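What follows is each chain in one-letter form.
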Amino acid sequence: MGVPEIANRPESAPGDPERARRRPGRPAWSRRGVLAALGSAVPALALSGCGGPAGAAEGKDTEATGAGTTAKAQVRTPTVTVSPADGTRKAGFTAPVVVSVTDGTLSAVEVSGNDGSTLAGSFDEDRTRWTSARNPYSGTKYTVTAKVTGAAEHTSTFVTKSPGETFAGYFTPEANSTSGVGMPVSINFTRAVTDRAAVEKAVTVTAEPAVEVVGHWFGNTRLDFRPAEYWAAGTKITLSLRLRDVEGGDGVYGVQSKDVVFHIGRRQVSTVDLATKTMTVERDGATLASYPVSGGAPAHTTWSGIMVISERFEETRMESSTVGLGDEYDIADVPHAQRLTTSGTFIHGNYWAAPSVFGSSNTSHGCVGLHDTKGANDGSVAGYRFYESSMLGDVVVVRNSGERTVEASNGLNGWNLSWADWKAGSAL
């Protein structure tokens, strides 16, 4: 809609200043006429929509307004959120720590515990979310420091709750010890393990020189590790326990996080042939010694198979009642005794039998005996010499005993399982 046409005023007289300002061919306007025209145009502008003179007038007003003011974009303050939340006193410990930000970008995140531990983590692609690589430990106070680009640093704290029930693993051999080539890494747990996979995943055994090492479960409280063959002489073994806060059973959590180093010494394997009643000791591929022995009598045959020395006593007491044989014997000072099975098989010195028995008769209740003397201090006898040449983890192989092969779980005797059967006992 246009502005209404306004009639021209009469031509002014010569010398009229208004005339001097008019352009040729342009209509003349009086001040009153202009005001009247503007007054009559207002309603038309108010009713008009887009385009035409009305639209042009609106755009001009907008442009004028834009020229007189500066538009300001709305600035939002970054908001940082931490899980577990700030001030939590009994936070869970079975999920990772998560730090996120809205309206901002994370430049750095640090999570430190009052036990000196720290939690590493990673950012998402947009750096608006950070997640810890592992869960926080139980019973620990954590401080979270989050830095946001161009904003103030954000700090929060939380304390994780303690587990209600716990379990631990007792390992063999001892830390920093040196053992024979047959020594497995054996762990006995204080509580029954129902989630074997979770626990086994938290336990690793590595060897230098490198060799594949696999775990095998004996029941729900024992986990052993070994390679396919005996360890190489001089091997360094590292046991890594990462059991802390691992749920081994319903509501029962592990407490250990540590590394333990063992060493393997020289290679010594002794073979007992109870048909010939002799024992041949080989060390590093050469024959070290040969001794006459006596094994189990026909009524008490000795286990056959591969056995590992698991305990050593210069002197010890042996009672028949402890192995289910009533009161058949009770010897307070058995010399140079070395345990081969949990059930009570030893290879030991014997001072109460005649020297002629060794190498000629099998007369024991299941143990392997060597000639010895009372008091365990005669360095010339076989019992003394074999004991002095031995160490924990040495291998003793028994053949031709008339007895079946010892169970792999009876002592540290997992070598009696094939490699395929051993690996089948892993939970992973």
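Residues numbered from 1 in each chain as written. Predicted model: local features only at pLDDT ≥ 70, side-chain atom pairs only at ≥ 80, totals over all residues. Heavy atoms only, no water.

Chemist: How should I be thinking about the environment of Gly-139 in this particular structure?
Modeler: Within the secondary structure, Gly-139 is located in the loop between strand E5 (129–132) and strand E6 (141–148). Exposure remark for Gly-139: the relative accessible area of 45% places this residue in the partly exposed category. In this structure, Gly-139 is in contact with Thr-160, Lys-161 and Ser-162, ignoring residues within four places of it in sequence. (Helix = DSSP H or I, 4+ residues; strand = E, 2+ residues; numbered from the N terminus. Buried < 20%, exposed > 50% of the residue type's maximum accessible area, 1.4 Å probe, protein only. Contact = heavy atoms within 4.5 Å.)

Chemist: Please clarify how the pairing of strand E20 (residues 278–283) should be interpreted in this entry.
Modeler: On a regular strand, one side chain projects to one face of the sheet and the next to the other, so that they alternate. When strand E19 (residues 268–273) meets E20, the two strands line up antiparallel, connected through six bridges. By the bridge assignment for E20, Val-272 is matched with Met-279. Here E20 pairs with strand E21 (residues 286–292) via six bridges, running antiparallel. When the sheet's bridge partners are listed, Arg-283 is paired in E21 with Ala-286. Linking E20 to E21, which pair antiparallel, is a turn of two residues; within it Asp-284 sits at a positive phi near 50°. (Pairing = 2+ DSSP bridges.)

Chemist: How do you make sense of the pattern of salt bridges when you look at a structure like this?
Modeler: Pairing is possible between side chains of opposite charge, provided their charged atoms come close. Enumeration over the complete set of coordinates arrives at eleven salt bridges. Here Arg-317 makes a salt bridge to Glu-319, at a shortest N to O gap of 3.7 Å. The residue Arg-404 makes a salt bridge to Glu-403 at a minimum N-O spacing of 3.5 Å. One salt-bridge network, in which partners are shared between bridges, spans Arg-317, Glu-319 and Asp-330. (Salt bridge = Lys/Arg side-chain N within 4 Å of Asp/Glu carboxyl O.)

Chemist: How should I be thinking about the sheet that holds strand E11 (residues 185–189) in this particular structure?
Modeler: Strand pairs in the sheet, formed through backbone hydrogen bonds, run parallel or antiparallel to each other. Spatially, the four strands line up as an open sheet ordered E9-E11-E14-E13, and their pairing is antiparallel. The open sheet is flanked by strand E9 (169–172) and strand E13 (214–218), the only strands paired with a single partner. Across the sheet, the axes of successive neighbouring strands diverge by a mean angle of 20°, strand direction being ignored. (Axes fitted to C-alpha atoms, helices over the stretch in contact; angles between N-to-C directions.)

Chemist: Just checking my understanding: could you explain the packing of aromatic side chains for this structure?
Modeler: For any pair of aromatic rings, the description rests on two quantities: the centre-to-centre distance and the angle between the ring planes. Per the stated rule, a full pass over the model turns up nine aromatic pairs. Ring plane angle 55° and centroid distance 6.2 Å describe the contact between Phe-171 and Phe-262, whose orientation is recorded as tilted. Of the two residues, Phe-171 is situated in strand E9 and Phe-262 in strand E18 (residues 257–264); the sequence distance between them amounts to 91 residues. A connected cluster of aromatic rings, assembled from ring pairs, spans Phe-167, Phe-189 and Trp-217. Over the ring of Tyr-137 we find Arg-244; its NZ or CZ atom is 3.9 Å from the centre of that ring. (Phe/Tyr/Trp six-rings, centres within 6.5 Å; stacked < 30°, edge-to-face > 60°. Lys NZ or Arg CZ within 6 Å of the ring centre and 35° of its normal.)

Chemist: Hey, could you run me through the side chain of Thr-341 in this one?
Modeler: Its location among the elements puts Thr-341 in the loop between strand E24 (330–339) and strand E25 (346–350). At 2.9 Å, the side chain of Thr-341 and the backbone nitrogen of Thr-345 are in polar contact. For Thr-341, the residues in contact, after removing those within four places along its chain, are Trp-303, Met-307, Val-406, Asn-410, Gly-411 and Asn-413. (Polar contact = N/O pair within 3.5 Å; in protein donor to acceptor, adjacent residues only side chain to side chain.)

Chemist: Honestly, the confidence of the model for the protein in this entry has me stumped. Any pointers?
Modeler: Atomic detail in the predicted coordinates should be set aside for any region of low pLDDT. Of all residues in the protein, 83% have pLDDT values of 70 or greater, and the mean over the chain is 87. Ignoring residues within four places in sequence, the model shows residues 1–69, a span with pLDDT below 50, making 27 contacts including any to other chains. (pLDDT = per-residue confidence, 0-100.)

Chemist: Quick question: what am I supposed to make of the sheet that holds E6 here?
Modeler: Pairing is antiparallel across the open sheet formed by three strands, whose spatial order is E3-E6-E7. One side of each edge strand has no neighbouring strand; the edge strands of this open sheet are strand E3 (106–113) and strand E7 (154–159). This sheet shows a mean twist of 15° between the axes of neighbouring strands, independent of strand direction. Where E3 and E6 come together, seven bridges link them in antiparallel fashion. Looking at E6, one finds that Ala-108 is bridged to Lys-147.

Chemist: Honestly, the environment of Gly-182 in this entry has me stumped. Any pointers?
Modeler: With respect to the secondary-structure elements, Gly-182 resides in the loop between strand E10 (178–179) and E11. Beyond its immediate stretch of four places on either side in the chain, Gly-182 contacts Tyr-230, Val-308, Gly-393, Val-395 and Trp-415.

Chemist: What exactly am I supposed to notice about helix H5 (residues 382–389) here?
Modeler: One full turn of an α-helix is made of 3.6 residues, so residues set three or four places apart face in the same direction. Within H5, burial applies to Ala-382, Gly-383, Phe-386, Tyr-387 and Ser-389. Each buried residue of H5 lies within a common arc of 165° when the element is viewed along its axis, so the set occupies one face. (Arc of directions from axis to C-beta.)

Chemist: Can you help me understand the side chain of Ser-294 in this one?
Modeler: Relative to the helices and strands, Ser-294 resides in the loop between E21 and strand E22 (305–308). Judged by relative accessible area, which is 4%, Ser-294 ranks as buried. Side-chain polar atoms of Ser-294 contact the backbone oxygen of Ser-361, separated by 2.7 Å. Apart from residues lying up to four places away in sequence, Ser-294 is in contact with Val-357, Phe-358, Ser-361, Asn-362, Thr-363, Ser-364, Cys-367, Val-368 and Gly-369.

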